[in-house]
Amino acid sequence: GQNIDQPTEMTATEGAIVQINCTYQTSGFNGLFWYQQHAGEAPTFLSYNVLDGLEEKGRFSSFLSRSKGYSYLLLKELQMKDSASYLCAVGDYKLSFGAGTTVTVRA
Amino acid sequence: DTAVSQTPKYLVTQMGNDKSIKCEQNLGHDTMYWYKQDSKKFLKIMFSYNNKELIINETVPNRFSPKSPDKAHLNLHINSLELGDSAVYFCASSQVGTGGHNEQFFGPGTRLTVL
């Protein structure tokens, strides 16, 4: 089975940086995904890590350490539109999602 | 152009009724999924089909029955609806791409309310 933990809520100021941590315990590992979900909308893909290290994509970066069962999503230069829930998910075809971290960006 | 579409967007019904949710994707993907997202925002896989063949069947009451008439469509039929079935149901599709990963594209969701 999969056990995925991430903080419930985070608040940050516009222009700041926020780091969302995710720890997981899995019976097998095929990759780790981060999805963004705005209130009332569908999740959308942000990033994928399968090897250790940092993947950078514009203002968003994701890091993975397989030995520690740990990942983080880094959001830089926060904008109001980044206020959303961020979901950590582990797996391949069968994704197990964490409960999501609601990020609120304040002016 | 809508990539993954679902109908209806909202569904309000009485306990005990039978209802269906339809999903279509125009991305040419081979794999489709149904997820349930409850009031605590927990997104949980229910079923997955690959080329019309069931490949994931989680512990879901047998009142829920998926049907895939072709690889672009995956419908969900629910019998004898219960209060606990109230949730948002998301359809998704995927295809392993050149990046080697199975990015899933989600539909807009169907908010089911059982009274």
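See the structure shown above.
What comes next is a walk through the structure. Here the residue index of a chain counts from 1 through its sequence in written order. Chain letters start at A and ligand numbers start at 1, both assigned in the order the entries are written. Per-residue local features of the predicted model are confined to residues with pLDDT of at least 70, and side-chain atom pairs are confined, for both listing and counting, to 80 or more; whole-chain, interface and lining totals are unaffected and use all residues. Hydrogens and waters are ignored; side-chain quantities use all the structure's heavy atoms.

What follows concerns the interface of chain A and chain B. With 16 residues of chain A at the interface, the matching set in chain B holds 21 residues. In short, buried area is how much 1.4 Å probe accessible area vanishes from two parts on joining, totalled over both. On the chain A side of the interface with chain B, the three residues burying the most area are Tyr93, Lys94 and Phe97 of chain A, jointly 35% of the side's total. Each reported salt bridge corresponds to a side-chain nitrogen of Lys or Arg within 4 Å of a carboxyl oxygen of Asp or Glu. Where Lys94 of chain A meets Glu58 of chain B, a salt bridge forms, and the shortest distance between an N and an O atom there is 2.9 Å. N or O atoms closer than or at 3.5 Å make up a polar contact, with two conditions inside protein: a donor-capable atom paired with an acceptor-capable one, and, for residues adjacent in sequence, both atoms drawn from side chains. Here chain A and chain B share four residue pairs in polar contact (both at pLDDT 80 or more) between them. Comment: elements are numbered from the N terminus, with helices defined as DSSP H or I runs of at least four residues and strands as E runs of at least two. Elements with a contribution of two residues or more to the side of chain A that touches chain B: β4 (32-37), β5 (44-49) and β10 (95-97) of chain A. Pairs of residues are marked as contacts when any of their non-hydrogen atoms sit within 4.5 Å.

What follows is about the sheet that holds strand β8 (residues 73-78) of chain B. All names here are of chain B. The four strands lie next to each other as β1-β3-β8-β7, forming an open sheet whose pairing is antiparallel. The sheet is open, and its two borders are formed by β1 (4-7) and β7 (64-70), each paired with just one other strand. Each neighbouring strand pair of the sheet contributes to a mean axis angle of 20°, computed without reference to strand direction. Two strands qualify as a pair provided DSSP detects at least 2 bridges between them. Of the strand pairs in this sheet, β1 and strand β3 (residues 19-25) are connected by four bridges, and their pairing is antiparallel. Bridging from a neighbouring strand, Gln6 pairs with Cys23 of β3. Every angle, taken between N-to-C directions, lies between 0 and 180 degrees, and every axis is a line fitted to C-alpha atoms, over only the stretch in contact when it is a helix.

It is worth spelling out the state of the cysteines at this point. Two cysteines whose sulfur atoms are joined by a covalent bond form what is called a disulfide. All names here are of chain A. Any two cysteine sulfur atoms lying within 2.5 Å of each other are counted as a disulfide. Scanning the entire structure with this criterion turns up two disulfides over all chains. Linked covalently through their sulfurs, Cys22 and Cys88 form a disulfide whose S-S length is 2.0 Å. Torsion about the S-S bond of the Cys22 and Cys88 cystine: about -70°, corresponding to left-handed handedness. Here Cys88 lies in strand β9 (residues 84-91) and Cys22 lies in strand β3 (residues 18-26), a separation of 66 residues in the sequence.

Residues and elements named next belong to chain B. By secondary structure assignment, the location of Leu112 is in strand β11 (residues 110-114). Burial status follows relative accessibility: with a 1.4 Å probe on protein chains alone, a residue under 20% of its type maximum counts as buried, one over 50% as exposed, and anything between as partly exposed. We classify Leu112 as buried; its relative accessible area is 2%. Apart from residues no more than four positions distant in its own chain, Leu112 is found in contact with Leu11, Thr13, Ile78, Leu81, Asp85, Ser86, Ala87 and Tyr89.

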